[in-house]
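One letter stands for each residue in the lines below.
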Amino acid sequence: HEQARLQAWEESGVVKAKQWLVSAGACPFCQELGRMRPDPIPLSEAFISGGKPISAGGKTMRTYKAINTAPLHPNCRCGTIEILTDEDVTIDERKL
């Protein structure tokens, strides 16, 4: 579902970036990912690369693949939101 949304954003021509949306009551790993990536990133960039650890709450989790959209893990309630080309958002344009 999220991968299809990402593909639609890429094909739309009006979405320039994406942002991790931490849900209310999110687990410590999702909260940490939100702290690691608080700003919008280019659509082609992963929020975290495969095999990279996320440490939170005294525990460590490794992603088995690059995380390009939510969910981060089973039962994850977080999301990914689109940033449109006409929105006033600072993004490293060199990556777009």
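This section reports on the structure supplied with the text. The numbering scheme is per chain: residues are counted from 1 as the chain's sequence reads. For this predicted model, a pLDDT threshold of at least 70 governs which residues receive local features, and a threshold of 80 or more governs which side-chain atom pairs are given and counted, while totals over whole chains, interfaces and linings are taken from all residues. For side-chain calculations, the full set of non-hydrogen atoms in the structure is used, while hydrogens and water are omitted.

### With respect to the sheet that holds strand 2 (residues 41–42)
Here is step 1: At least two DSSP bridges between two strands are needed for those strands to be called paired. Secondary structure is summarised from DSSP: a helix means a run of H or I of at least four residues, a strand means a run of E of at least two, and numbering begins at the N terminus for each. In space, the 3 strands of this open sheet follow the order 2-1-5, with antiparallel pairing throughout. Looking at which strands have only one partner, the edges of the open sheet turn out to be strand 2 and strand 5 (79–84).
Here is step 2: Pairing geometry for strand 1 (residues 15–21) and strand 2, over 2 bridges, is antiparallel. Paired with K18 across the two strands is I41, which belongs to strand 2.
Here is step 3: Here, residues are in contact when the closest pair of their heavy atoms is within 4.5 Å. Axis lines are fitted to C-alpha atoms, over the contacting stretch for helices. Their N-to-C directions set the angle, which ranges from 0 to 180 degrees. In this fold helix 1 (residues 2–12) packs onto strand 1 and strand 5, with an angle of close to 5° to the strand it touches most, strand 5.

### Considerations on the pairing of strand 4 (residues 59–62)
Here is step 1: Pairing analysis gives 4 bridges linking strand 3 (residues 53–56) to strand 4, with the strands arranged antiparallel. Bridge pairing in strand 4 links A56 to K59.
Here is step 2: Counted between consecutive antiparallel strands, the loop separating strand 3 from strand 4 contains 2 residues, among which G57 sits at a positive phi close to 60°.

### Brief notes about the environment of T85
Here is step 1: Tracing the chain through its elements places T85 in the segment after strand 5.
Here is step 2: Taking C-alpha positions, T85 is 5.7 Å from V15, a pair spaced 70 residues apart along the chain.
Here is step 3: Filtering out sequence-adjacent residues up to four positions away, T85 remains in contact with G13, V14, V15 and K16.

### Let's talk about unusual backbone geometry
Here is step 1: Omega for the bond connecting A70 with P71 falls within 30 degrees of zero, at 5°, which places this linkage in the cis form.
Here is step 2: Notably, N75 is not glycine yet its phi reads approximately 65°, a positive angle.
Here is step 3: Mapped onto the secondary structure, N75 falls in the loop between strand 4 and strand 5.
Here is step 4: Buried, partly exposed and exposed residues are distinguished by accessible area as a fraction of the type maximum, computed with a 1.4 Å probe on protein chains only: under 20%, between the cut-offs, and over 50%, respectively. The class of N75 is exposed, set by a relative accessible area of 74%.

### Notes on the layout of surface pockets
Rolled over the atoms, a probe as big as a water molecule pinpoints where empty space is left.
Here is step 1: As a volume, the largest pocket reaches approximately 170 Å³.
Here is step 2: Only protein atoms enter the 1 Å grid used here. Points where a 1.4 Å probe fits but cannot escape make up a cavity, open sets with protein on both sides within 12 Å along at least five of seven lines make up a pocket, and a residue lines them when an atom lies within 4 Å of a point. Contributing to the lining of the largest pocket are 14 residues, with Y64, K65, I67, T69 and P71 lying nearest its centre.
Here is step 3: Partitioned by chemical class, the residues of the lining of the largest pocket number 7 nonpolar, 5 polar and 2 charged. Grid points are joined across faces, edges and corners, and a volume is the space filled by probe spheres set on the points. We call Asp, Glu, Lys and Arg charged. Ala, Val, Leu, Ile, Met, Phe, Trp, Tyr, Cys and Pro are nonpolar, and the rest, Gly among them, are polar.

### What about the nonpolar core?
The tendency in soluble globular proteins is for nonpolar side chains to be buried as a group.
Here is step 1: Ranked by size, the top nonpolar core spans 16 residues in total, and within it W20, F29, C30, L33, L72 and C78 carry the most contacts.
Here is step 2: For this core, the secondary structure elements donating two or more residues are helix 2 (28–36) and strand 3.
Here is step 3: The greatest single-element share of this core, amounting to 3 residues, is contributed by helix 2.
Here is step 4: Leaving out residues up to four positions away in the same chain, L72 has contacts with W20, F29, C30, L33, I54, M61, T63 and I67. Note on terminology: a nonpolar core comprises buried Ala, Val, Leu, Ile, Met, Phe, Trp, Tyr and Cys residues joined through side-chain atoms within 4.5 Å.

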